[in-house]
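Structural overview for review
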Amino acid sequence: MIAEAEARLGPSVAPKRRVLVAEDSPITQDLLKLLLNQRGYEVDIASDGSQALDALRRNSYDVALLDFHLPGMDGLEVAAKLRAEPGRRSKPRLVAMTADVEGLLGHPSDCENFDHILPKPLDVYEVGKLVEEQADIGDNDATPVKHHRSRLTPVPRTEPAALRDLGHQFLYWPGDIEPTRLSSRGMQATLGDPRFDALVINAAATPSELESIWKHKALHLLPVIDMTGALGRAADLDGSGLHIGSGTKLHDLIERFNAQRALLHRDLVLSDNFGEKLIGRAFVSRRPLQAHYEPGRHHLVGYSTIAPSDLVVRESDLLTADGLFKQIFFDRLHVCARCNSNRLNVREECSRCRSAHLSEESYIHHFRCAYQGADSEFRQGDDLICPKCRRALTNFGTDYDRPGTMSVCHNCGHADSEPAIGFMCLDCGAHSDSATTGTRDLHSYDLSEQGHNFARHGGAYLGPGRRALRFTDLPIEVVIALNAAAKRYNDDARPFALANIFYENEREITAEYGARQFAQARDQYLDNLRAGLGPSAIVTRGMSYDVALMRDIGPEEATRRFDAVSQQAQSTLRFDLGATCQTLGPTSFS
């Protein structure tokens, strides 16, 4: 019966996605196939351009990873030929892989036949994430269209006259950057190319559309020039009033940003982490993330950036707790308990029925019977008659006086000496009173000294306990060996450990003796470490830190062994490198 039910309902899981890897390096082929197979993809391999094009013609793929410099026919030719073929029902998302990004983007052929560019050396986390994203985009692109209809114009035809002939390289919205697509120039900028000077907003866009800029790498580090005049303080410069010959202010802004971008560590230039992006933005702009009032926003507050304000607050508070940001008090606002909005109407209202339909009246004190009430209670035409004892009040000061005013509700008739204070949420309609309505302190945020140092020196500044393993720092051979060690652990429970090696004294040695002297000492240290750990260990140099992969021992034993060998390895050096390690075991990779 179960088999019959399964036959009627069909398979319980979706069909596997299929990926083509076109790459001539056997090592890279093995790495990508291992990675994508582990994620549940079916992977085909092509070793040259002709094999790749033939596979793309014969089979249906979700994503194709094409090396730029394939033998015979390069990746650009493969992409161009595939795009030019008419009548295909579906085409895969095409991703270029290359260490020669500049050569790819400067090639006479049209690199916009690619949907994305993936720089080498490959980060295995980035590859997996990108393939999933591109496959999802392909799924959502249900209507077949000719590729050239979705391509973006590198420079819009309506380039503002005030920006011409200034000698700067601008990216444009729309054109180079749009919510779902980038031009080849936009792709180039996301790789941290320093030749782009600013992002020009050249047409009206919603805040959510512009916030998509923060989903890409490096684009948030460009100054924003607003030619629409609609962004207000979220832009770095209101360009709506610029005219030919008034480029000095713009030039100074660009120069300031460029100088700071040159100092920003590459860890933060190419970071995907939103908090690190905020640090980079504050560093290159050389100004705080300044809060200001924006009535249309849920929190009533925006910031001096086109990033989402709610994310700015959340991440900046976390960065403050980590000591990388410091808060600058801006204001204290009331907050809705139901929807967390700060958009509350503060009003006087009736303490009994909570209606805001109130008026203020003087109240009368009748001396004879001691009754007190609103003027309207006593008023009968032109006369004043006490509603309690029914006597006429004729002489002020003798029969009665008017000691003050009171609040009268026209909804229920209740009168009180003072109105109550209530809060009505403009977003969800929830009501609360002054006793139950909470408050929220809002702040501007600026870099702390520690934040400045992190921006300048990257992850190496934070200390071993807060550094993350990044596969982009590792040679492909080490990544493959690490995956193999993880497989042996899963199959046979054979332990392994990966030691990330950091140098606490790097900045001091570089400042006093120069980068070359530090590099020579580092190379000698690694040679000594290889000799001490023996042939079963793989010791290699990375970009921000070095690594040692030790097989058949767990992380605790690996740490003890590393400390002993490291001390001996440093003993023959001219400088104390301050070498320390962060040791990871199999559970760190599960």
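In what follows, the structure referred to is the one given above.
Residues numbered from 1 in each chain as written. Predicted model: local features only at pLDDT ≥ 70, side-chain atom pairs only at ≥ 80, totals over all residues. Heavy atoms only, no water.

**Description of the overall build of the protein**
Along the protein, the regular secondary structure elements total 19 helices and 26 strands. A fraction of 68% describes how many contacts in the protein between residues 6 or more apart in sequence connect residues 24 or more apart. Summing over all exposed atoms, the protein offers an accessible surface of approximately 29,400 Å²; the carbon and sulfur share of this is 48%. (Helix = DSSP H or I, 4+ residues; strand = E, 2+ residues; numbered from the N terminus. Contact = heavy atoms within 4.5 Å. Areas by Shrake-Rupley, 256 points an atom, 1.4 Å probe, with all protein chains shown as cover.)

**As for the side chain of Gln 29**
By the secondary structure assignment, Gln 29 is in helix α2 (residues 26-38). Those residues within four positions of Gln 29 in sequence are excluded, and the remaining contacts are Glu 23, Asp 24, Ile 45, Ala 46 and Ser 47.

**Considering the nonpolar core**
One broad rule of soluble globular proteins: the nonpolar side chains tend to lie buried together. Grouped together as the largest cluster of nonpolar side chains are 83 residues, with contacts concentrated most on Ile 279 and Phe 325. No other element matches helix α12 (residues 274-285), which puts 6 residues into this core. Ignoring sequence-local partners within four residues, the contact set of Ile 279 consists of Leu 268, Leu 319, Leu 324, Phe 325, Leu 447, Gly 451, Phe 454 and Ala 455. Core analysis: the second largest hydrophobic core is formed by 25 residues, Val 539, Met 550, Val 565 and Cys 581 among them. (Core = buried A, V, L, I, M, F, W, Y, C linked by side-chain atoms within 4.5 Å. Buried < 20%, exposed > 50% of the residue type's maximum accessible area, 1.4 Å probe, protein only.)

**Looking at the sheet that holds strand β1 (residues 18-22)**
Strands pair in a sheet through their backbones, by hydrogen bonds, and they do so in one of two ways: parallel or antiparallel. Read from one edge to the other, the open sheet built from 5 strands follows the order β2-β1-β3-β4-β5, with strand pairing classed as parallel. One side of each edge strand has no neighbouring strand; the edge strands of this open sheet are β2 (42-46) and β5 (116-119). Strand-to-strand twist in this sheet, taken as the mean axis angle between neighbours without regard to direction, amounts to 20 degrees. With 5 bridges connecting them, β1 and β2 associate as parallel partners. Counted as the bridge partner of Val 21 is Ile 45 from β2. On the sheet, helix α3 (residues 49-58) packs against β1, β2 and β3 (63-67) and is oriented at approximately 165 degrees with respect to β1. This element, helix α4 (residues 75-84), spans β3 and β4 (93-98) of the sheet and lies at about 140 degrees to β3. (Pairing = 2+ DSSP bridges. Axes fitted to C-alpha atoms, helices over the stretch in contact; angles between N-to-C directions.)

**Some points on the environment of Tyr 525**
Along the chain, Tyr 525 turns up in helix α18 (residues 515-533). In sequence terms Tyr 525 and Thr 572 are 47 residues apart; their C-alpha atoms lie 8.6 Å from each other.

**Thoughts on α12**
With 12 residues, α12 should cover 16 Å at 1.5 Å per step; its first-to-last C-alpha distance of 16 Å lies within 8% of that length. Judged by how many residues are buried, α12 sits mostly within the fold: 11 of 12 residues are covered. Contacts made by the buried residues of α12 are with α10 (248-263), α11 (266-269), α13 (309-321), β12 (325-335), β22 (438-447) and α15 (449-457). Of the residues flanking the start of α12, the one acting as N-cap is Asn 273, its side-chain oxygen 2.9 Å from the backbone nitrogen of Gly 275. Phi turns positive one or two residues past the end of α12, at Arg 286, with a value near 55 degrees. (Expected span 1.5 Å × (residues − 1). Polar contact = N/O pair within 3.5 Å; in protein donor to acceptor, adjacent residues only side chain to side chain.)

**Thoughts on the sheet that holds strand β23 (residues 496-503)**
With respect to topology, 4 strands assemble into an open sheet ordered β24-β25-β23-β26, the strand pairing being antiparallel. The sheet is open, and its two edges are formed by β24 (537-540) and β26 (579-584), each paired on a single side. Strand after strand, the sheet turns through a mean of 20 degrees between neighbouring axes, direction not considered. Examined bridge by bridge, β23 and β26 share 6 bridges and lie antiparallel to one another. When the sheet's bridge partners are listed, Phe 502 is paired in β26 with Thr 580.

None of this, on its own, says anything about what the molecule does.
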